[in-house]
Structures are given as structure tokens and as C-alpha cells.
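# Inside the fold
Letter by letter, the chains look like this.
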Amino acid sequence: MEFQSCFDIIGPIMVGPSSSHTAGVVSIGKFIYELVGDYPQEVNIVFYDSFAETYQGHGTDKALLGGLLGMDTDDTRIKHSLEWAKEVGMEYKFEFAESCEYYDHPNTTMVTVKHDDRLVKVGGASLGGGLSKIFMINEKMVDIRLNAGDDFTVLARSYQPRGKVLMEAIG
Amino acid sequence: MKIQSMKELIEVCEREQKTIGEIMLMMEIEKSGRDKETIISMMEERLIKMKEAVDSGIKDASTAPSGISGGDAVKMVDYVQQGKSLSGNYVSNAMSFSLATSENNARMGVIVATPTAGAAGILPGVLFSLHKNDGTPYKNLVMGLFTASMLGFVIANRSFISGAAGGCQAEVGSATAMAAGTIVELKGGTPQQAVNATAIAMKSLLGLVCDPVAGLVEVPCIKRNVIGTSIAFSAADMSLAGIESRIPCDEVIEAMYRIGKDMPRTLRETALGGLATTETGKQVKERLFCKKS
């Protein structure tokens, strides 16, 4: 029972073109933004399977960067998030792979972000209809359900119990 | 209250003497802890956003950034206004509104996923057509969104609603099935009739693959949304005429799930098969992505 609310089905209110490849991905980015407490300075993104094949057409790259910059799913600036990232000096790199070893779903991404002297690696999957899931934080498997359009501030904070303890310092 | 099948849904509706939409509302109150007024106003907000997407799409003749969609809603509206449409007002208005929404989606405009963005044109298409043609009040359309979400909720939890997971049958198929059941409930049909319409509509789209040209939610997605509205009206009409689905809705959903599982990866939103790999499809992809890199 992944879908629990009428608003999982009717919604989110979002910029197009895809709830799984755009809106759900904004949420994954936004969760990481809340987890770090700021937009990260450096980002490495791996897109798997369907994400890897179709990210350009769906603006999946723009969606993830938009979320990482703190934008919500209905933010019309998402269209220009690559430019926004450059503007604020966020460095990003995209990589592509066929399937993810950590989680079996076609719409999967692994995002490694660097902020100050800390690193955090987050795995996210977009399940469809704007619903997504964080399945991994660093090497720990988790199950955090994200409904596009919700506020993840409190949720993200609960996974960051003592400030930046969750994030590993670079060795 | 926990509803996991259409069979259970009909039983609960009959026992409580409530519509499918009312049951969804009750369930949401129970689960979310929010009060009825808050939940209804959240749904109203979604209906308003849908209306705004239709209103902006219907007069926007611009093309999407890809250059492969846009301008068709305007053509459709002109044609319908000239009285030339063969399908009648309900279907042809729904087609126009559906085109408007889906074209807006392709432009990265604001839309409401119902249940997904790729299938966002179908529900607003039929709902605003009902409003235009028989004056179904907006208040009822909001309840219709609860009906649609209840039907979609059962489908999503028993099967899937995204093209990447189960092909277009899961996406346009689910949205069309939800719309068909919603029309029936808004026209006074019983919960059983609504579920029948849902089954009939979904059966008509079983096996439909997700093969978007260049991976864009445009070709063939936009026109499949449009056709979805006419299937929804046909299925609703059949059900309101007393015609039943020979295969119960839960079994149809289960078939959709199995078919989706059997579908090769090339036909599940990877743009590696079907229309995406036709001569023209490949040319479009090359033109778009060579230009960018």
C-alpha cells in the first residue's frame, strides 16, 4: 500500500511534463536540500535505467537540480534550474548507468552531495504519480516516503538527529 | 477503514449507503486527521489549477520547447466552434480541454497530475466538458475528484500507474478508467456501475505500451490523452445503459499488472522501442539531443 491518500492520486500540482520523471525527482532533490540545510556546493548525480534514457526529454536533470536548490514541484523556475545552479555557484555532474545495485526500480538516482567539508550520499526512487522514496542515506538502507508538495523540513531533520552527524567527513 | 479492492469498495458503499467519492473523503479524514473542510478545500485548489491549465492551454498556440507539440488545442477549439465535430459536444469539448492541458504540460506549465502528468489531460477533459454541457456544478466536480482518486487508489495499490513501471496502459489506461467511473458517478450511476465503467475502460487499453518519441511526454502521449476522454465517455455510456464488464474490475486490474510485468523494458518509458524507434522518432531524437550537446 504505497499510495495512502487521495492526494497521492489527484496531485501533485506541478510543472510538467512528468510526475515520475519531473515532480517526484524535485522531491528527492528537495529532501536532500532539507537534509543538508542548504543547497550543496558540489553534486554528483547518477541516473539509472529509465531516468538515464529519458532525462533530457522529461527535464529530470532540471527537476533534481531545482529540488537541490530548494524549489518546490510547482515552481516555474525549474525550467531554468541549470542556469540557477550556475548562478549560485553549485557545481554538478551527471553520470548514467543501466541499473542500480541498491534498489530495483526503473526510476532511480544516487545523489552524492558535498557541502563544506561533509559528504552525503542519498538514494532515491520515483514511484509514479509524484510519490517518491528515499531508500538509502550513506550506506544505510531507509524507507522514507515523499509526497510531492509536502514540506520535508521536519522529516529531513529527523534523519539528521545531531546536526551533521549523519554525514561522513571526507577522509 | 482499509479498502484494497473494487469488490470491497462496492461493499462499503452499499453498507454505508454512500457514493465512492464520499467513501474516499471519509477515508481521508480518518487517515490524515484533517477535517472535512480542509480536505475539500485542498481538492478545490486542485480543480482550480486544472481549470487554469485548461484556460491557458486552450488559447496558447505556441509550440513546446521540443518543437514537436503545441497548437493543436487551438485548432480543435476552432473546429468544434464551427459545428463540424462528429463526436458530439461532450466528447469534442473533452478532447479540446484534454489537448489544452497536455500541451500545457509539455511546455513545463503548471498542471495537476491525475494520476500522473503524462495522463493529466483526461480527467480535466471530461470534468470540464460535463460542466460546459450539462452545467454539472464545480462543487460536484470536486466530489468527482474524490471518486476518481478512490478508483485510482485501488488501481495504484493493486497494480501501477506509471508508464515506466507498467506501460501506457498503467498511465493513460488508469486515468481513463478513473475518468469513466467518475462520469458514471457524477451522472447518478451506482458504485457498481461506476466500477463497471472503470473495468470497461481499462480493458480497452490493456497492453498499450509506453513509447514516447525522444522520451518526451508529447508524442504520442498528448493524443492518447485526447482519445482517453472518448473511451471514458463510451465506457460510461455502456455502463449507464446497464452493460456490465464480463471480467470483474479487480481481475482486469490484475491482468493489467501481469501484462505490465511481461512488458519488455524497451516499451516502458525508455524510448527504446515502438513509436520512439520509428524512422521519424529516431530523427526527432537526433535533432533534439545533438542540438543540445
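Residues numbered from 1 in each chain as written. Chains lettered and ligands numbered in written order. Predicted model: local features only at pLDDT ≥ 70, side-chain atom pairs only at ≥ 80, totals over all residues. Heavy atoms only, no water.

## What about the UniProt feature "domain: Serine dehydratase-like alpha subunit" (unreviewed entry) in chain B?
Residues given the UniProt feature "domain: Serine dehydratase-like alpha subunit" (unreviewed entry) here are residues 16–276 of chain B. A distance of 48 Å separates the end C-alpha atoms of residues 16–276 of chain B, which is 66% helix and 1% strand. (UniProt positions renumbered as here; feature names shortened; annotations may be inferred. Helix = DSSP H or I, 4+ residues; strand = E, 2+ residues; numbered from the N terminus.)

## Overview of the pairing of strand β4 (residues 108–115) of chain A
Residues and elements named next belong to chain A. Counting buried positions along β4 gives 6 out of 8 residues, so the element sits mostly inside the fold. Bridge count for strand β2 (residues 42–48) against β4 is 6 bridges, and the pairing is antiparallel. Following the sheet pairing, Phe47 is matched in β4 by Thr109. Alignment of β4 against strand β5 (residues 118–128), held across 8 bridges, turns out to be antiparallel. Each residue of the ladder has a partner; that of Lys114, found in β5, is Leu119. The hairpin formed by β4 and β5 contains 2 residues between the paired strands, and Asp116 there has a positive phi angle of roughly 50 degrees. (Buried < 20%, exposed > 50% of the residue type's maximum accessible area, 1.4 Å probe, protein only. Pairing = 2+ DSSP bridges.)

## Examining the interface of chain B and chain A
Interface extent is often summarised as the accessible area lost during association of the parts. In this complex, chain B contributes 51 residues to the contact, which on the side of chain A involves 38 residues. Counting across the interface, chain B meets chain A through 2 salt bridges. For the interface between chain B and chain A, the tally reads 16 residue pairs in polar contact (both at pLDDT 80 or more). Elements supplying a minimum of two residues to the side of chain B that touches chain A: α2 (20–32), α3 (36–57), α5 (88–106), β1 (110–112), α7 (138–158) and α13 (279–292) of chain B. Ranked by the residues each element gives to the side of chain B that touches chain A, the list is headed by α7 of chain B, at 8 residues. Residue composition of the side of chain B that touches chain A, grouped by class: 29 nonpolar, 12 polar and 10 charged. Of the strand pairs in this sheet, strand β1 (residues 13–15) of chain A and β1 of chain B are connected by 3 bridges, and their pairing is antiparallel. Residue pairing across strands places Val15 of chain A opposite Val110 of chain B, the latter belonging to β1 of chain B. (Contact = heavy atoms within 4.5 Å. Salt bridge = Lys/Arg side-chain N within 4 Å of Asp/Glu carboxyl O. Polar contact = N/O pair within 3.5 Å; in protein donor to acceptor, adjacent residues only side chain to side chain. Nonpolar A, V, L, I, M, F, W, Y, C, P; charged D, E, K, R; others polar.)

## Overview of the pattern of salt bridges
Where charged atoms of side chains with opposite charge meet at close range, the side chains can pair. Residue and element names in this part refer to chain A. Taken as a whole and judged by the stated rule, the model has 21 salt bridges over all chains. Note that Arg118 and Asp117 form a salt bridge whose closest N and O atoms lie 3.4 Å from each other. Between Lys133 and Asp143 there is a salt bridge, with the nearest N and O atoms lying 3.6 Å from each other. Placement of Lys133 in strand β6 (residues 131–137) and of Asp143 in strand β7 (residues 140–147) is noted, with a sequence separation of 10 residues between them. Taking the relative accessible area as the measure of exposure, Lys133 reaches 10% and is therefore buried. A single salt-bridge network, built from bridges that share partners, covers Lys30, Glu34 and Asp72.

## A look at empty space enclosed by the protein
All names here are of chain B. Counted by the stated rule, this structure contains 2 cavities of 30 Å³ or more. Looking at the largest cavity, its volume works out to about 140 Å³. Along its surface, the largest cavity is lined by 16 residues, and Gly118, Glu171, Cys210, Val217 and Cys221 are the ones closest to its centre. At 3 residues, helix α9 (residues 168–186) tops the list of elements feeding residues into the lining of the largest cavity. Across the lining of the largest cavity, the residue classes tally to 9 nonpolar, 3 polar and 4 charged. Within this model, the second largest cavity holds a volume of roughly 50 Å³. (1 Å grid on protein atoms, 1.4 Å probe; cavity = no way out; pocket = protein on both sides within 12 Å on 5 of 7 lines; lining within 4 Å. Points joined across faces, edges and corners; volume = space filled by probe spheres on them.)

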